[in-house]
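If you want the building blocks of each chain, they are given just below.
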Amino acid sequence: MSIMTSFVLKKALLIIPSLVALSVIVFFLSKIAPGDQVQMFMAVRGSQTDRLSYHQQQKVYSEVYEELGLNKALFYISIKPAYFPDTLYKVIPASKKNVMKAWLRHDQDWEWIQLVFENHEALIGAADFFNDPELAFILTQIKTIHATADLQKARQLAIDLKNSTENNAVNVPHKTRELLSNYFINFLHDQKKTQRITSVFPTLHWHGLNNQYHQWLSKAIRLDFGISLTDGQPVSKKISMAFIWTLSYVIFAYLLSLFLAISLGLYTAYHQNKWQDKLISTSGFVLYAVPLFWLGTLAIVFLTTDIYGKWLHIFPDIGVGSAYESMIWIEKLGEGLPHLILPALLLGMHGAASAIRLVRNTAIVELKADYIVTARAKGISESRMVFRHLLPNTLLPITTALIGGFPGALAGSVVIEVIFNIPGMGRLLFDSIRQMDWPVVFAMVMLLGVFTFIIYLLGDILYARINPKIKYQSA
Amino acid sequence: MKTRLSKISVNVSIMILIFFAILAIFAPFLANDKAILCKDVDGLHFPVVSGQKCEQPEFSLQPFLKYHYSGIDPQNAAFISPLTDQHLQPGQQRHYLGTDRIGRDVAAGMIHASRVAILTGTGSMVIALLIGLLIGLTGAYFGNDQLSITRRSAMIGLLSIFLGTFLVYYRKYFSGNFSQVLFTLLIFMMGLVLADGVLKRLKPFRKRFKLPLDMMFSSFIEIFQSLPASFLVLVLVSLFTKASLYNVILIIGLLRWPSIARFARAEMLKIKEQRYIEAARAIGMSDLRIIVRHALPAVMTPVIVAVAFGFSSSILLESALSFLGIGLPADHVSFGSLLSEARKNYEAWWLVVFPGFAIFCLVFAMNTLGDHVSRLMERK
């Protein structure tokens, strides 16, 4: 095995644990995202729940909840205090789970909480069955109790309710009277539970392969990220269309910035401290300090409208023209391409501003190296010296830095796409974040992460290939 | 470049920074709809601080701008240019830099925005400095073979990290009951001491091994550096249920430390070989003392360069976020949010030019200073 192969293999093997770590982090981040996914999913499906009774609503909700797999354990294992039930994740909906958790925090008595909630459910079922107004009224109050996270407050409410029902001798169906009294007895039962020391010890639970992470990952490997919560389209379809838009102008911008950075960087290094260098370096430095969104806004205000003179209206309006849904992507692209020129130019120039310094500083160091002096002493032409000797040696140490800019660029410049109204990746991210469309957001994070790793791996391989120090290093 | 130009630009940059610092520190006293000092029937008081009203004063000291950054002037709503006639009542101050869509004074907004920008830069850089210095300095100082620990202490360390995380994560489930918290802590401590005692007696756990700290930390730095930071900031900031500037500062700080760590590490590797560190070690100084007392001051110069550039990039990030309106409260006023108002009306050039130019000045000044320091270092 040559040095080269082992070098690449080593790098490739390192990627696997990184990808696993990435997927775990992305998954758990997606779990702390705000908003109720189930509700959004129901809305996107068009499920009408307003007219249903509370009980039926709960049923629809739990069906969707189960369909999304949210009633499964989060991960293969979990570590919890011993008194914690290992089946809490099965509780639907989340609001009920939160109340249960809060009560658990206070009392640490899972059996009692289960019992009380079971009684509550039984009462709801009875109320739906008998359709009795007085029972329904009592039930609304009981529901308030079960939505109160503070257990002491909930107890007080229960006591008040019990007293008022007893004093007013409410007239509820005979069969439910027993249920009701049972509920109050159970709820207000004051047991002195002895808390064992071991109840707070960390315990490990094994949930098996049937968990949310496993489910998510095995789908994600097949590029199935579920559906978007705003329009019900598959996430991967949304992302792929946005990706095409972004790719079409980012490639141009990236190549432009590479070209500008390398040519101007070498030029300024060659003419170090002359006026050409000072002019270009200073303007690069100034441009580097200009915020991209300011540049974009200025360009739009002055270059794409008639407001400040017709002669300044050089570029077409923002947006990507009239692309219709029925068009295939290549037609859409053709329609939008003229609108992508200005953003690509801005992005390319802005990207070049920082890279020029990098190229210049490296080239200045290389210009003082022995091989340059030797080459000049041998009398080769200056242009041959620059292109054959200086250029490769300058690019070598900064390969990774130059390539590293690409994954970030592919994420799309959010500000540029938002300003110019381009339906690319950055715009998709922006819209999805604002609408809490988390499946899309986290699919993008995951894909971008994978992409970053791959690009860096390719960068390392490229570096190893073109670097003679690694290529000719024999074992 | 030892030219006059660079000297001038450094001086100008310092002045710009001082100017913005003054705006940031005294923002409420410079632009406010309340008087700074007021003498009326209640006696002498400071309405800016206390929030009291100042009616029919005998004497009052008004701020430079009599507008609050969130105060709305309905007479001058819908983008009033600074150059046109404004609908002013007698005695009312002009809107020197115009107004935005709902009639907020842009000049007052700019003063408050300077405060937000300076706060963002400073806050996130303090966080980044703490992490960056810790990781950069310790990694380089101990290298891959300086720190050797026994397997026992490694085990106990991991165990205490686990128990600590467990306690912190489930803190809410213990806090209902204070005695239980104390009791749990006590039990965990006793468990650790017991485990320590047992492991001490076992031979395989007495073996020492070298912790490759530098390798661990530098790959950590590499991974963090390869992350597309602006993308991540956008996503992470939106995960908070309550939008606030402090979340933004925290997230930026947590993602902006790698460059500081890299500079600190590179400098530490140079310093480590120097005689005075060797001498300090020889006389038996503790590692902590050597790092803090002797290495830290020497490392600070290159770190300042990273901090200066990090400062400006976090200002840029925060303003981009508020320009997009993500992760920050709706009533948040900063340079980015002022600029975003211009997108609703392209004719409002004052909303494009002034805030953008202010960010540019701040960022340019910081970058120039960073650049200057790095040149000074090269010359040395």
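Quantities reported herein were computed from a predicted structural model and do not represent experimental measurements.

## Observations concerning the overall build of chain B
- Summing up its helical and strand segments, chain B has 15 helices and 5 strands in all.
- A buried classification covers 39% of the 380 residues belonging to chain B.

## Some words on the overall build of chain A
- Looking only at helices and strands, chain A features 20 helices and 2 strands.
- Across the 475 residues in chain A, those meeting the buried criterion constitute 30%.
- When contacts within chain A are restricted to residue pairs at least 6 apart in sequence, those whose partners lie at least 24 apart make up 71%.

## Some thoughts on helix α12 (residues 292–303) of chain A
Residue and element names in this part refer to chain A.
- Here α12 is 12 residues long and its end C-alpha atoms lie 16 Å apart, about the 16 Å a rise of 1.5 Å per residue gives.
- Among the 12 residues that make up α12, 9 are buried, leaving the element largely enclosed by the rest of the structure.
- The complete set of buried residues in α12 reads L292, F293, W294, L295, G296, T297, A299, I300 and V301.

## So, the packing of helix α16 (residues 399–410) of chain A against helix α19 (residues 438–466) of chain A
All names here are of chain A.
- Their axes nearest at 9 Å, the elements α16 and α19 cross at an angle of 160°. Relative to α19, the element α16 lies roughly antiparallel. Judged by the sense of rotation from one axis to the other, the crossing of α16 with α19 is right-handed. Residues T399, T400, I403, G404, F406, P407 and L410 of α16 pack against L448, F451, T452, I455, Y456, G459, L462 and Y463 of α19.

## Quick word on the environment of R206(B)
Residues and elements named next belong to chain B.
- In this structure, R206 sits in the loop between α7 (178–201) and β5 (208–210).
- With 12 C-beta atoms packed within 10 Å, R206 lands in the exposed category.
- Along the backbone, R206 and E378 are 172 residues apart, and their C-alpha atoms lie at a distance of 48 Å.

## Let's talk about the interface of chain A and chain B
- On the chain B side, the residues contacting the 40 residues of chain A number 37 residues.
- Of all the elements in the fold, those that place two or more residues in the side of chain A that touches chain B are β1 (77–81), α4 (94–107), α11 (275–288), α12, α16, α17 (414–420), α18 (425–434) and α19 of chain A.
- Here the side of chain A that touches chain B is composed, by residue class, of 32 nonpolar, 7 polar and 1 charged.

## Regarding the packing of helix α5 (residues 110–130) of chain A against helix α8 (residues 174–188) of chain A
All names here are of chain A.
- Where α5 contacts α8, the two axes come as close as 10 Å, and the packing angle between them is 160°. Relative to α8, α5 is oriented roughly antiparallel. The chirality of how α5 crosses α8 is left-handed. On α8, the residues that touch L115, V116, N119, A122, L123, A126 and F130 of α5 are T176, L179, L180, N182, Y183, N186 and F187.
- Here the contact of α5 with α8 is composed, by residue class, of 10 nonpolar, 4 polar and no charged.

## Describing the nonpolar core
- Core analysis: the largest hydrophobic core is formed by 146 residues, its most contacted members being V415(A), M444(A) and I260(B).
- With 19 residues, helix α4 (residues 106–142) of chain B is the single largest residue contributor to this core.
- Setting aside residues up to four positions removed in sequence, M444(A) forms contacts with I239(A), M425(A) and L429(A).
- By size, the runner-up hydrophobic cluster in this structure holds 19 residues, among which are W103(A), L104(A), I113(A) and I138(A).

## What about unusual backbone geometry?
Residue and element names in this part refer to chain A.
- Positioned with a positive phi, L223 is a non-glycine residue whose angle comes to about 60°.
- Judged by the 13 C-beta atoms lying within 10 Å of it, L223 is partly exposed.
- Positioned with a positive phi, M436 is a non-glycine residue whose angle comes to about 55°.

## Side note on α4(B)
- Here α4(B) is 37 residues long and its end C-alpha atoms lie 53 Å apart, about the 54 Å a rise of 1.5 Å per residue gives.
- Positioned one or two residues after α4(B), G143(B) has a phi angle of 60°, which is positive.

## Observations regarding the environment of L22(A)
- By secondary structure assignment, the location of L22(A) is in helix α1 (residues 3–31).
- On the basis of neighbour counts, which here come to 19 C-beta atoms within 10 Å, the residue L22(A) falls in the partly exposed class.

## Some remarks on the environment of R105(A)
All names here are of chain A.
- Assignment of secondary structure puts R105 in helix α4.
- A residue is classified by how many C-beta atoms lie within 10 Å of it, and R105, with 17 of them, is partly exposed.
- Through-space distance from the C-alpha of R105 to that of D150 is 9.8 Å; in sequence the pair is 45 residues apart.

## Notes on the confidence of the model for chain B
- Of all residues in chain B, 83% have pLDDT values of 70 or greater, and the mean over the chain is 82.
- Model confidence for the complex is summarised by a pTM of 0.83, with the ipTM given as 0.81.

Calculation notes
- Residues numbered from 1 in each chain as written.
- Chains lettered and ligands numbered in written order.
- Predicted model: local features only at pLDDT ≥ 70, side-chain atom pairs only at ≥ 80, totals over all residues.
- Helix = DSSP H or I, 4+ residues; strand = E, 2+ residues; numbered from the N terminus.
- Buried ≥ 20, exposed ≤ 12 C-beta atoms within 10 Å, placed from the backbone.
- Contact = placed C-beta atoms within 7 Å.
- Expected span 1.5 Å × (residues − 1).
- Axes fitted to C-alpha atoms, helices over the stretch in contact; angles between N-to-C directions.
- Parallel < 35°, antiparallel > 145°, perpendicular 65-115°, else oblique.
- Left-handed = near helix turned anticlockwise from the far one by under 90°.
- Nonpolar A, V, L, I, M, F, W, Y, C, P; charged D, E, K, R; others polar.
- Core = buried A, V, L, I, M, F, W, Y, C linked by C-beta atoms within 7 Å.
- pLDDT = per-residue confidence, 0-100.

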